[in-house]
Amino acid sequence: IQDIPVIAIDGPSASGKGTVAQRVAAKLGFHYLDSGALYRLAALAAMRSGIELKDEHALSEVAAHLNVVFADAEIRLDNENVTDVIRSEECGNAASRVAAYPLVRAALLERQRAFCQIPGLVADGRDMGSVVFPAAILKVFLTATAETRAQRRYKQLMEKGMDANIATLLQDIRERDARDSNRSIAPLQLGAGTHLLDTTSLDINQAVDRVLCLYAEISAKGSI
Ligand code: CDP
Ligand code: CDP
């Protein structure tokens, strides 16, 4: 597992992690891990079972026993297609509460590491470079201003036909940024050796190219 290249892409909500990570993975023929989806799924499964979002032990049991399948572009929970359901801000906010509990994070750790398979992995989240894949060959911190991110999320939800309000989205994003960055376990932080990539004025293709360039530079050095 040590020799399998991992590209870790961490950053705040709606910075473009998922889109960029998926495209980089497709370009390199690597596997892709959407770690945030696991926290969203744990939150959704807990809410559906009537578990309180502050019952750490019960939440960790749900997280440990998630019956989830990542199939191509579809995510299935207990055999139901929840691909769009988990993208709501309600689910994102609940995920961020659930994700602050150490037992929940521990319950999801091995499931995330199992995605690291030949020929390589691109993983996105908050702690891919710091906790889950500390030996990642490339670590990127993707960000953009909160206003830009709220606008991107608004457009994305509208395109999916989902309800959204830009002022509420901006507030949610700010609250989630604060919670994810200030928690005591696995906070979202720009770690040493991590490349900062601000996409406020970059489109998706430019962001993808930057990551591919960084990876090409690192791979070239490694093969000398
Ligand atoms: O797409 P977006 O960035 O809005 O959210 P996400 O990546 O799907 O993650 C949802 C929530 O899960 C985040 O706000 C984090 O609190 C949590 N999360 C985490 O703690 N660690 C990860 N590796 C990924 C997500
Ligand atoms: O995974 P994360 O929450 O960080 O973001 P995402 O879901 O990949 O991206 C949020 C939205 O921003 C998507 O609709 C992307 O197409 C868009 N985006 C953009 O317009 N420009 C970028 N440089 C990156 C993402």
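By the naming in an unreviewed UniProt entry, the protein chain goes by Cytidylate kinase and is assigned to Nitrosospira multiformis. Comment text from UniProt for the protein chain, heading Sequence similarities (unreviewed entry), reads "Belongs to the cytidylate kinase family. Type 1 subfamily." We quote the UniProt Subcellular location (unreviewed entry) comment for the protein chain here in full: "Cytoplasm".

Per the UniProt annotation, the sites labelled "binding site: ATP" (unreviewed entry) are Gly11, Pro12, Ser13, Ala14, Ser15, Gly16, Lys17, Gly18 and Thr19. On the basis of neighbour counts, which here come to 27 C-beta atoms within 10 Å, the residue glycine 11 falls in the buried class. Non-local contacts of glycine 11, meaning those with residues more than four positions away in its chain, are made with Lys17, Phe141, Leu142 and Thr143. Mapped onto the secondary structure, proline 12 falls in the loop between strand 1 (6–10) and helix 1 (17–28). A tally of 20 C-beta atoms within 10 Å means that proline 12 is categorised as buried. Once residues within four sequence positions are removed from consideration, proline 12 is found in contact with Thr143, Arg149, Asp177, Asp180 and Leu188.

Definitions and limits used
Residues numbered from 1 in each chain as written. Chains lettered and ligands numbered in written order. Predicted model: local features only at pLDDT ≥ 70, side-chain atom pairs only at ≥ 80, totals over all residues. UniProt positions renumbered as here; feature names shortened; annotations may be inferred. Buried ≥ 20, exposed ≤ 12 C-beta atoms within 10 Å, placed from the backbone. Contact = placed C-beta atoms within 7 Å. Helix = DSSP H or I, 4+ residues; strand = E, 2+ residues; numbered from the N terminus.

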